[in-house]
Amino acid sequence: MATVLQTIVDKKHYRFIDEEVTWQEAVRLSALSLVEDGTVSDEYYKEIVACIEKHGPYVVFENYIAMPHSTENAKGAFKTGIGFMVSKKIVDFGEDEDGEKKEAKLFFTLSAANADEHMDNISQLMEIFQNEPLLNALMEANSPEDILAAEAKYPCEDTY
Amino acid sequence: MAKLDNKKILACCANGAGSSLMMEKAIDKVMKKYGIKPAELRHCPVSEGKSAARNYDVVFCARPFAKTFDGCEANGTVLIPLKNVMSSPEIEAALKEAGLID
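If you're wondering where the values come from, they're calculated on a predicted model, not measured in any experiment. For every chain, the first residue of the written sequence is number 1, and numbering continues from 1 along that sequence. Chains carry letters and ligands carry numbers; both start at the beginning, A for chains and 1 for ligands, and go up in the order they are written. Where local features are concerned, this predicted model is filtered to residues with pLDDT of at least 70; where side-chain atom pairs are given and counted, the filter is 80 or more; whole-chain, interface and lining totals use all residues. Values shown for side chains rest on all heavy atoms present in the structure; no hydrogens or waters enter the calculation.

**Re the overall build of chain B**
The helix and strand tally for chain B stands at 3 helices and 4 strands. For chain B, the succession of helices and strands along the chain, N to C, is β-α-β-α-β-β-α. For chain B, whose C-alpha radius of gyration is 12 Å, the value lies close to the compact-globule estimate of 13 Å for 102 residues. Here the C-alpha coordinates of chain B stretch approximately 35 × 25 × 20 Å along the principal axes. Buried, partly exposed and exposed residues are distinguished by accessible area as a fraction of the type maximum, computed with a 1.4 Å probe on protein chains only: under 20%, between the cut-offs, and over 50%, respectively. The buried share of chain B, taken over its 102 residues, is 53%. In what follows, residue pairs with any heavy atoms lying within 4.5 Å of each other are defined as contacts. Restricting to contacts in chain B with at least 6 residues of sequence separation, those with at least 24 account for 58%. When the accessible surface of chain B is split by element, carbon and sulfur atoms take 48% of a total near 4400 Å². Charge convention: Lys and Arg are scored as positive, Asp and Glu as negative, and His as well as the terminal groups of each chain are ignored. Each charge is placed at NZ for Lys, CZ for Arg, CG for Asp and CD for Glu. Charged side chains in chain B number 15 positive and 12 negative. The centres of these two groups are separated by 3 Å. Comment: elements are numbered from the N terminus, with helices defined as DSSP H or I runs of at least four residues and strands as E runs of at least two. Here the globule rule is a power law, 2.2 Å times the number of residues to the power 0.38, and the radius of gyration is based on C-alpha atoms. A 1.4 Å probe and the Shrake-Rupley method give the accessible areas. Residues count as covered only by the protein chains that appear here.

**Section: the interface of chain B and chain A**
Residue-level contacts link 24 residues of chain B with 25 residues of chain A. Two parts placed together each lose some accessible area under a 1.4 Å probe, and adding up what both lose gives the buried area. Summed over both partners, the interface of chain B with chain A comes to about 2200 Å²; 62% of that surface belongs to carbon and sulfur atoms. Salt bridge, as used here: a side-chain nitrogen of Lys or Arg that lies within 4 Å of a carboxyl oxygen of Asp or Glu. Scanning the region where chain B abuts chain A turns up 2 salt bridges. Notably, a salt bridge pairs E100(A) with K83(B), separated by 2.9 Å at the nearest N-O pair. A 3.5 Å cut-off defines polar contacts: any pair of N or O atoms within that distance qualifies, except that in protein one atom must be a possible hydrogen donor and the other a possible acceptor, and neighbouring residues in sequence count only when both atoms are side-chain atoms. Linking chain B with chain A are 7 residue pairs in polar contact (both at pLDDT 80 or more), by the criterion used here.

**What to know about unusual backbone geometry**
Backbone geometry at K12(A) places phi at a positive 60 degrees, although glycine is not the residue there. Within the secondary structure layout, K12(A) lies in the loop between α1 (4-10) and β1 (14-17). Owing to a relative accessible area of 57%, K12(A) belongs among the exposed residues under this scheme. Residue N6(B) is not a glycine yet carries a positive backbone phi of 65 degrees. By the element assignment, N6(B) lies in the segment before β1 (8-13). Its relative accessible area of 56% is what places N6(B) among the exposed residues.

**What about the packing of helix α1 (residues 19-34) of chain B against helix α3 (residues 88-97) of chain B?**
Residues and elements named next belong to chain B. Every axis corresponds to a line fitted to the C-alpha atoms, with the helix fit spanning only the stretch in contact, and the corresponding angles, defined between N-to-C directions, vary from 0 to 180 degrees. At their nearest, the axes of α1 and α3 sit 9 Å apart, and the two run at 65 degrees to each other. The handedness of the crossing between α1 and α3 is right-handed. Facing M23, A26, I27, K29, V30, M31, K33 and Y34 of α1, the residues of α3 in contact are S88, I91, E92, L95 and K96. Any residue that is not Ala, Val, Leu, Ile, Met, Phe, Trp, Tyr, Cys, Pro, Asp, Glu, Lys or Arg is counted as polar, Gly included; the first ten are nonpolar and the last four charged. Looking at the contact of α1 with α3 residue by residue, the class counts come to 8 nonpolar, 1 polar and 4 charged. Take the far helix as the reference: if the near one is turned anticlockwise from it by less than a right angle, the crossing is left-handed, and if turned clockwise, right-handed.

**Topic: the environment of D146(A)**
Among the structural elements, D146(A) can be located in helix α6 (residues 144-153). On a C-alpha basis, the gap between D146(A) and D18(A) in space is 16 Å, while along the polypeptide they are 128 residues apart.

**What about the state of the cysteines?**
By convention in this document, the label disulfide applies to cysteine sulfur atom pairs within 2.5 Å. Taken as a whole, this structure holds 0 disulfides over all chains when the rule is applied. The thiol of C72(B) is unpaired, and the distance to the nearest cysteine sulfur, on C61(B), comes to 8.5 Å.

**Some remarks on the packing of aromatic side chains**
Residue and element names in this part refer to chain A. For this analysis, a ring pair means two rings from Phe, Tyr or Trp (six-membered ring only for Trp) whose centres lie within 6.5 Å, classed as stacked if their planes differ by under 30 degrees, edge-to-face if by over 60, and tilted for the remaining angles. One pass over the structure, following the stated rule, counts 7 aromatic pairs over all chains. With centroids separated by 5.5 Å and ring planes inclined at 25 degrees, the aromatic side chains of W23 and F93 adopt a geometry described as stacked. You can see W23 sitting in helix α2 (residues 23-36) and its partner F93 sitting in strand β4 (residues 81-95), a full 70 residues away along the chain. Here the two residues W23 and F93 agree in accessibility, since each one is buried. Ring geometry for F61 and F129: centres 6.0 Å apart, planes at 50 degrees, overall tilted. Taken together, the residues span a long stretch of sequence, with F61 in strand β2 (residues 60-61) and F129 in helix α4 (residues 115-129) at a distance of 68 residues. Judged on exposure class, the residue F61 and its partner F129 are both buried. Among the aromatic residues, those joined into a ring-pair cluster are F61, F84, F108 and F129.

**Comments concerning the environment of L135(A)**
Residue and element names in this part refer to chain A. Along the chain, L135 falls in helix α5 (residues 132-139). L135 sits 16 residues away from E151 along the chain, and the two C-alpha atoms are 9.5 Å apart. Leave out the neighbours within four places in its chain, and L135 touches N63, I65, L106, I128 and F129.

Geometric descriptors of this kind do not, in isolation, establish any biological role.
Below you can see the structure in the form of structure tokens.
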């Protein structure tokens with residue numbers, strides 16, 4: 001079965017940006033590859049932005065990872081998928097409740113329409129998010145070939 | 001018998017689709033490591049978890065949502081806010097500190 005990174009490449013669900021953008025713009029850009037093949041509506045990103053505005057940047061994890069998402073079967077989420085984006089510049093999401101800075105360079109923007117597929121995506125993402133050498137290689141990626149090379153070099157293992 | 005056997009465990013995040021699912025999976029890894037069989041382990045959005053929390057023995061959430069569950073501990077529910085929602089070691093340490101695993 002294809003890994004999530006292979007699927008991201010196969011479906012062209014990737015984007016690489018070099019310009020400085022706000023987190024709202026970054027979320028919009030990260031979802032564009034999903035809009036292009038009808039995985040989500042062009043309005044879907046607004047649901048995510050509203051959610052982060054309401055609950056804070058809790059979707060931003062350690063190691064410059066952001067996993068912007070809305071609810072399962074959200075309005076405008078037609079298929080299950082992951083919009084991957086590498087931002088060469090750090091995207092500032094503000095601070096969390098402890099005053100800790102929330103910053104991202106890797107975006108894994110989720111659309112969940114099918115529970116089983118989504119569950120599998122989440123399981124795999126958990127392994128990726130805990131695979132630091134892979135994350136570092138992904139931050140340097142400039143092409144789909146780079147994504148696949150990074151995965152081949154630093155495969156995910158079952159972490160605890 | 002492990003102290004969490006037959007207990008009900010809930011994991012909550014804002015949407016009930018992303019980080020709470022990661023939490024559930026990370027909790028499940030700890031349960032398997034200790035051979036614990038909870039009666040229930042599920043995830044849901046904070047909006048639902050707020051009222052459901054009292055029916056659970058242990059409730060996990062990401063730190064920003066901890067205040068949402070103020071008061072649930074009065075019913076004997078153990079609330080465990082997490083810094084890293086996908087960290088099984090953090091969950092294991094928190095359960096040890098709460099005296100729920102040895």
